[in-house]
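What follows is the residue order along each chain.
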Amino acid sequence: MSPAPFVTFEGIEGSGKTTQVRLLSDYLTKRGISHRVTREPGGTPLADEIRSLLLSRREEFVFPETELLLYEAARAQHVRAVILPALSSGQAVLCDRFYDATVAYQESARGLDGESVDRFNAFASGGLSPDLTFYLDVDPEEGYLRIRGRGTRPDRIESEKMEFHRKVREGYLSLLERHPGRIVRIEGSHPADDVFRRVCETVSARLGW
């Protein structure tokens, strides 16, 4: 385990993970637990610029290989500038997505070679792995309806066809089978308060929070 816990939240578009990160941050603040909230892609000015490149809708086709390298570039900057310094200083880190997302999106949904994705993930993260990962599982159709309900224009990834999002979910379920000790599945279709209750039970049992 890291000097302080590194906790990540994963799920397809519209799964509610960003809400759960916020709720857990509020919970830790009330308990006086020092922590840092961040996200991928992003987390630093440079990584946020790469995020904009990745998520902006555009006429030019973005090749899967290009997409993978941009995500890894943002991660390399993010890990070294934000996550590792925070963990080393004793701050817990809550991160909205990490390298599991790259496996689900770029390997499972885009069809890139798994060994290559794993190699780039390890290189960009410097070998850093989450201590605990929450996977919020929802049907892609429900996630799509949630996105539409936001009243904002879907970004490039959110605008992908439903088959793409189904493959992303399949990728996450495969990861859950491969890492049952680290990844905790929570039914994301339940009300946010019910989901957060399960999050709290897990961090209490696993991390003593």
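Remember, it's a predicted structure, so these values are computed and weren't measured experimentally.

Caption draft 1: Representation of the overall build of the chain in the model. If you tally the helices and strands in the chain, you get eight helices and five strands. When the elements of the chain are put in sequence order from the N terminus, they spell out β-α-β-α-α-β-α-α-β-α-α-β-α. A compact globule built from 209 residues would reach a C-alpha radius of gyration of about 17 Å, and the chain, at 16 Å, matches this within 12%. Along the first, second and third principal axes, the C-alpha atoms of the chain reach 45 × 35 × 30 Å.

Caption draft 2: Local environment of the sheet that holds strand S3 (residues 92-96). Strand order in the open sheet formed by five strands is S2-S3-S1-S4-S5, with parallel pairing between adjacent strands. Here the strands that pair on one side only, and so sit at the sheet edges, are strand S2 (35-39) and strand S5 (183-187). Pairs of neighbouring strands in the sheet enclose a mean axial angle of 20 degrees, with direction left out of account. For strand S4 (residues 132-137) and S5, the ladder comprises five bridges, and the chain directions are parallel. By the bridge assignment for S5, Thr-133 is matched with Ile-183. Across the sheet, helix H7 (residues 162-178) is in contact with strand S1 (6-10), S4 and S5; its angle to S4 comes to roughly 140 degrees.

Caption draft 3: Inspection of the environment of Ala-76 at higher detail. Mapped onto the fold, Ala-76 is located in helix H3 (residues 64-88). Sequence separation between Ala-76 and Phe-123 is 47 residues; the distance between their C-alpha atoms is 7.9 Å.

Caption draft 4: Representation of the packing of helix H4 (residues 99-109) against H7 within the structure. One can describe the packing of H4 onto H7 by two numbers: an axis separation of 8 Å at closest approach and a directional angle of 125 degrees. In terms of orientation, H4 and H7 fall into the oblique class. Considering only the axes of H4 and H7, their crossing is right-handed. On H7, the residues that touch Asp-100, Ala-101, Val-103, Ala-104, Tyr-105, Ser-108 and Ala-109 of H4 are Phe-164, Lys-167, Val-168, Glu-170, Gly-171, Tyr-172, Leu-175 and Arg-178. Its residues assigned to classes, the contact of H4 with H7 shows nine nonpolar, two polar and four charged.

Caption draft 5: Focus on the nonpolar core. By size, the foremost hydrophobic cluster in this structure holds 24 residues, and its most contacted members are Tyr-105, Ile-157, Phe-164, Val-168 and Tyr-172. Listed by contribution, the elements that provide at least two residues to this core are helix H2 (45-55), H3, H4 and H7. Setting aside residues up to four positions removed in sequence, Phe-164 forms contacts with Tyr-105, Ala-109, Arg-110 and Ile-157. Among the nonpolar cores identified, the runner-up in size contains 21 residues, and Val-7, Ala-92, Leu-132 and Val-199 belong to it.

Caption draft 6: Structural detail: the pairing of S3. With five of its five residues buried, S3 lies for the most part within the structure. Relative to S3, S2 runs parallel, the two sharing five bridges. Counted as the bridge partner of Arg-39 is Asp-96 from S3.

Caption draft 7: Local environment of H4. In terms of residue burial, H4 counts as a mostly covered element, since nine of its 11 residues are buried. Listed as buried for H4 are Tyr-99, Asp-100, Ala-101, Thr-102, Val-103, Ala-104, Tyr-105, Gln-106 and Ala-109. Those residues of H4 that are buried are in contact with S1, H3, helix H5 (114-125), S4, H7 and S5. Just downstream of H4, Gly-111 is the residue with a positive phi angle, here 85 degrees.

Caption draft 8: Local environment of the pattern of salt bridges. This model, assessed by the stated rule, comprises 18 salt bridges. The salt bridge partner of Arg-97 is Glu-10, with a shortest N-O separation of 3.9 Å. A residue pair is termed long-range when its members are at least 10 positions apart, and Arg-97 in the loop between S3 and H4 and Glu-10 in strand S1 qualify at 87 residues. The exposure class of Arg-97 is buried, given its relative accessible area of 9%. Between Glu-40 and Arg-75 there is a salt bridge, with the nearest N and O atoms lying 2.8 Å from each other. Of the two residues, Glu-40 sits in the loop between S2 and H2 while Arg-75 sits in helix H3, which places them 35 residues apart along the sequence. Ionic contacts of the salt-bridge type, sharing partners, join the residues Glu-67, Arg-110, Arg-156 and Glu-160 into one network.

Conventions and cut-offs
Residues numbered from 1 in each chain as written. Predicted model: local features only at pLDDT ≥ 70, side-chain atom pairs only at ≥ 80, totals over all residues. Heavy atoms only, no water. Helix = DSSP H or I, 4+ residues; strand = E, 2+ residues; numbered from the N terminus. Rg over C-alpha atoms; globule rule 2.2 N^0.38 Å. Pairing = 2+ DSSP bridges. Axes fitted to C-alpha atoms, helices over the stretch in contact; angles between N-to-C directions. Contact = heavy atoms within 4.5 Å. Parallel < 35°, antiparallel > 145°, perpendicular 65-115°, else oblique. Left-handed = near helix turned anticlockwise from the far one by under 90°. Nonpolar A, V, L, I, M, F, W, Y, C, P; charged D, E, K, R; others polar. Core = buried A, V, L, I, M, F, W, Y, C linked by side-chain atoms within 4.5 Å. Buried < 20%, exposed > 50% of the residue type's maximum accessible area, 1.4 Å probe, protein only. Salt bridge = Lys/Arg side-chain N within 4 Å of Asp/Glu carboxyl O.

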